[in-house]
Amino acid sequence: GAVVSQHPSRVICKSGTSVKIECRSLDFQATTMFWYRQFPKKSLMLMATSNEGSKATYEQGVEKDKFLINHASLTLSTLTVTSAHPEDSSFYICSANRREPNYEQYFGPGTRLTVT
Amino acid sequence: QKEVEQNSGPLSVPEGAIASLNCTYSDRGSQSFFWYRQYSGKSPELIMSIYSNGDKEDGRFTAQLNKASQYVSLLIRDSQPSDSATYLCAVFRDSNYQLIWGAGTKLIIKP
């Protein structure tokens, strides 16, 4: 399968600070990447679709000014959680669509964010 | 009605038996279907994709698709304790390249 990396894997930050998470497709180009969050024992929740060279599309209820997404190249998308609060503590996971052969979606290993 | 439905389980299967996981979907025009496995605390891992009616086998895994019945299933033969995980069914939406997810079925393989 294709490889998607995510960095950092784990981060602890203080309330009010910002945290940037990187997602890279290592062996394929991804025009579309996705950002999810998942709370313990809950389902994946899609936050936004990241398109290379254009603005991200956010799901209803996700604040675009709080969760800044930049898809700077065909292999890199970043999510910045701005002014983080304890309720933002969660497991953030990115994924990337591999166009060939059939838009299979591959996930990064996830970033566990803890805001104190 | 949810777009993709799965029984949340848990589904308990003895080691060595066949585990059968089921998924139904509502959009009759869907063409691409995926099964992911997610271990607790980890991200989902793609294990099978299927696009045509019938069976597709990969090792101990077999995906089955019936578009007329809008039904996808995953069979795991010779189940092992390491197969214990949540299995997520996902349907590709052509319009925005998103996956529509089922809630997942928790599978427990008992030694």
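Above this text you will find the structure in question.
Bear in mind that the values here come from a model prediction, so they are computed numbers and not experimental data.

Visitor: Account for unusual backbone geometry, naming residues and giving values.
Guide: Trans peptide bonds make up the majority, and among non-glycine residues the majority have a negative phi. Between His7(A) and the following residue, Pro8(A), the backbone shows a cis peptide bond with an omega angle of 0°. Here Gly9(B) and Pro10(B) are connected by a cis peptide whose omega angle stands at 10°. Take Pro10(B): it is sitting in the loop between strand E1 (4-5) and strand E2 (11-14). The phi dihedral of Ser83(A) is positive, around 45°, even though this residue is not glycine. Among the structural elements, Ser83(A) can be located in the loop between strand E8 (76-81) and strand E9 (90-98). By relative accessible area, Ser83(A) is classed as partly exposed at 33%. Phi angles above zero are rare outside glycine, and Asp78(B) is one such case at about 45°. Residue position: Asp78(B) is located in the loop between strand E8 (71-76) and strand E9 (85-93).

Visitor: Any chance you could break down the state of the cysteines for me, citing the residues and the numbers?
Guide: Simply put, the disulfide is a covalent bond whose two ends are the sulfur atoms of two cysteines. As enumerated under the stated definition, the model contains 2 disulfides over all chains in all. Here Cys23(A) pairs with Cys94(A) through a disulfide, and the sulfurs are 2.0 Å apart. Torsion about the S-S bond of the Cys23(A) and Cys94(A) cystine: about 80°, corresponding to right-handed handedness. You can see Cys23(A) sitting in strand E3 (residues 19-25) and its partner Cys94(A) sitting in strand E9, a full 71 residues away along the chain. Side by side, Cys23(A) and Cys94(A) carry an identical accessibility label, which is buried. A sulfur-sulfur distance of 2.0 Å marks the disulfide that ties Cys23(B) to Cys89(B). One disulfide, between Cys23(B) and Cys89(B), carries an S-S torsion of -70° and so falls in the left-handed class.

Rules used throughout
Residues numbered from 1 in each chain as written. Chains lettered and ligands numbered in written order. Predicted model: local features only at pLDDT ≥ 70, side-chain atom pairs only at ≥ 80, totals over all residues. Heavy atoms only, no water. Helix = DSSP H or I, 4+ residues; strand = E, 2+ residues; numbered from the N terminus. Buried < 20%, exposed > 50% of the residue type's maximum accessible area, 1.4 Å probe, protein only. Disulfide = S-S within 2.5 Å.

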